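Given next are the chains, with one letter for each unit.
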Amino acid sequence: METVFLKASTAAIETAAQMLQAGELVAFPTETVYGLGGDATQSRSVKKIYEAKGRPSDNPLIVHIAERYQLDAFVTTVSDQVEQLIASFWPGPLTLLMPVKEGALAPEVTAGLATVAVRMPSHPLALSLLKATGLPIAAPSANTSGKPSPTKASHVNEDLKGRIACILDGGSTGVGVESTVLDCTGEQPVILRPGGVTKEALAAVIGPVLTDAGLKNAAEKPKAPGMKYTHYAPQAPVYLVDGTRAYFQACIDLFRLEGEVVGVLATDETLATLKGDVHVSTGQATDLASVAARLYDGLRAFNHHEEVTVILAEVYDEAGIGQAVMNRLEKAAGHRYLRASAR
Ligand code: TXA
Ligand code: MG
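Overview of the structure. (Residues numbered from 1 in each chain as written. Chains lettered and ligands numbered in written order. Predicted model: local features only at pLDDT ≥ 70, side-chain atom pairs only at ≥ 80, totals over all residues. Heavy atoms only, no water.)

## Digging into the packing of helix α1 (residues 10-21) against helix α4 (residues 124-133)
Right, so step 1: It is at 9 Å that the axes of α1 and α4 come closest, and there the two elements cross at 50°. Classified by the interaxial angle, the pair formed by α1 and α4 is oblique. The way α1 lies across α4 gives a crossing that is right-handed. On the side of α1, the interface is formed by Ile-13, Glu-14, Ala-16, Ala-17, Leu-20 and Gln-21, while α4 contributes Leu-125, Ser-128, Leu-129, Ala-132 and Thr-133. (Axes fitted to C-alpha atoms, helices over the stretch in contact; angles between N-to-C directions. Helix = DSSP H or I, 4+ residues; strand = E, 2+ residues; numbered from the N terminus. Parallel < 35°, antiparallel > 145°, perpendicular 65-115°, else oblique. Left-handed = near helix turned anticlockwise from the far one by under 90°. Contact = heavy atoms within 4.5 Å.)

Below you can see the structure in the form of structure tokens.
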């Protein structure tokens, strides 16, 4: 299949919307990462999404809407707490689980679960496209399953060219990590995937919020099916380095002595003090939002340096957006840490 590449414009949005209405797949930018959209009401479209990404069929998709009233067509109830969250965070990077109305969406969207994950993105292009279709659009991140999510149209092109009808290019996405997935269907709200809306921001609106224990503890199964797969991993193995800069350099030196070619993924400030083989920046240490925005591009960059045999990555404080950054880094590293024993 030929993939049509469109630079964002009013005409491009119209063309892309018609493709979605016809059941084709369109990749489009959101404020978090690029999404791979398909009509959530058509099984034919939703099946194409799983196929294009190579996504396991037990991993449900997020439904994207442009207006609040669209919810009523496919969810049975919206709790007061969810209404409060919608009022505070939509449009924006917060995905909320709600009980799904039977038969309202293609069954593949929810992978057999009783809940559907929904969000209203804040990217103007995403909102215009969603409005132009008038449809609920199922959209996972527009990467091949297992690869880092795309934050640029070129990342989508790398992974999905020839497999989807259209890529709508709206430049780099802003937040850089995916939306926060929050489950408010139980007794206490639980973050199933940390993301663009921080735990602290949620707590300020609805009080204490838990984080799914399955994200850190290998013995427990994560509640979001997608969180159990290895993800975001570049070709070379990644290790997280938790220690001083001197310890970081000692780790680099040790790997090099063993004949490895060492890639280093860290902030500008840290990179300036280290000597590895290939340095990739994650932005500024004083600005964790810049780290989130550059993380996936950084992980992908190592795939263009095939000589690199091992990647050592800096770790960050888990406050604010740091919780999402560390969750993605831990997944990319398969939770492998190098820790200074005496600190
Ligand atoms: O920022 C984002 O959320 C991006 C943009 C494109 O909107 N989308 C995205 O979708 O990251 P995806 O499919 O890559 O990740 C969706 C996550 C997966 O971990 C999936 O298992 C979980 O949400 N999920 C979806 N529906 C669920 C449900 N009903 N119950 C529990 N987890 C669910
Ligand atoms: Mg994804």
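So much for the structure itself; the text now carries on.
## Let's talk about the pattern of salt bridges
For side chains of opposite charge, pairing can occur when their charged atoms come near one another.
Right, so step 1: On inspection of all chains with the given rule, the structure shows 16 salt bridges.
Right, so step 2: One salt bridge in this structure joins Lys-48 and Glu-24, with 3.6 Å as the shortest N-O distance. A residue pair is termed long-range when its members are at least 10 positions apart, and Lys-48 in helix α2 (residues 43-53) and Glu-24 in the loop between α1 and β2 (26-29) qualify at 24 residues.
Right, so step 3: Classification of Lys-48 as partly exposed rests on a relative accessible area of 23%.
Right, so step 4: Between Arg-68 and Glu-83 there is a salt bridge, with its nearest N and O atoms 2.7 Å apart. Separated by 15 residues along the polypeptide, Arg-68 in the loop between β4 (62-64) and α3 (80-89) and Glu-83 in helix α3 bring together distant segments of the chain.
Right, so step 5: Each of the salt bridges in this network shares a partner with another, and the network as a whole consists of Lys-147, Glu-158, Asp-159 and Arg-300. (Salt bridge = Lys/Arg side-chain N within 4 Å of Asp/Glu carboxyl O. Buried < 20%, exposed > 50% of the residue type's maximum accessible area, 1.4 Å probe, protein only.)

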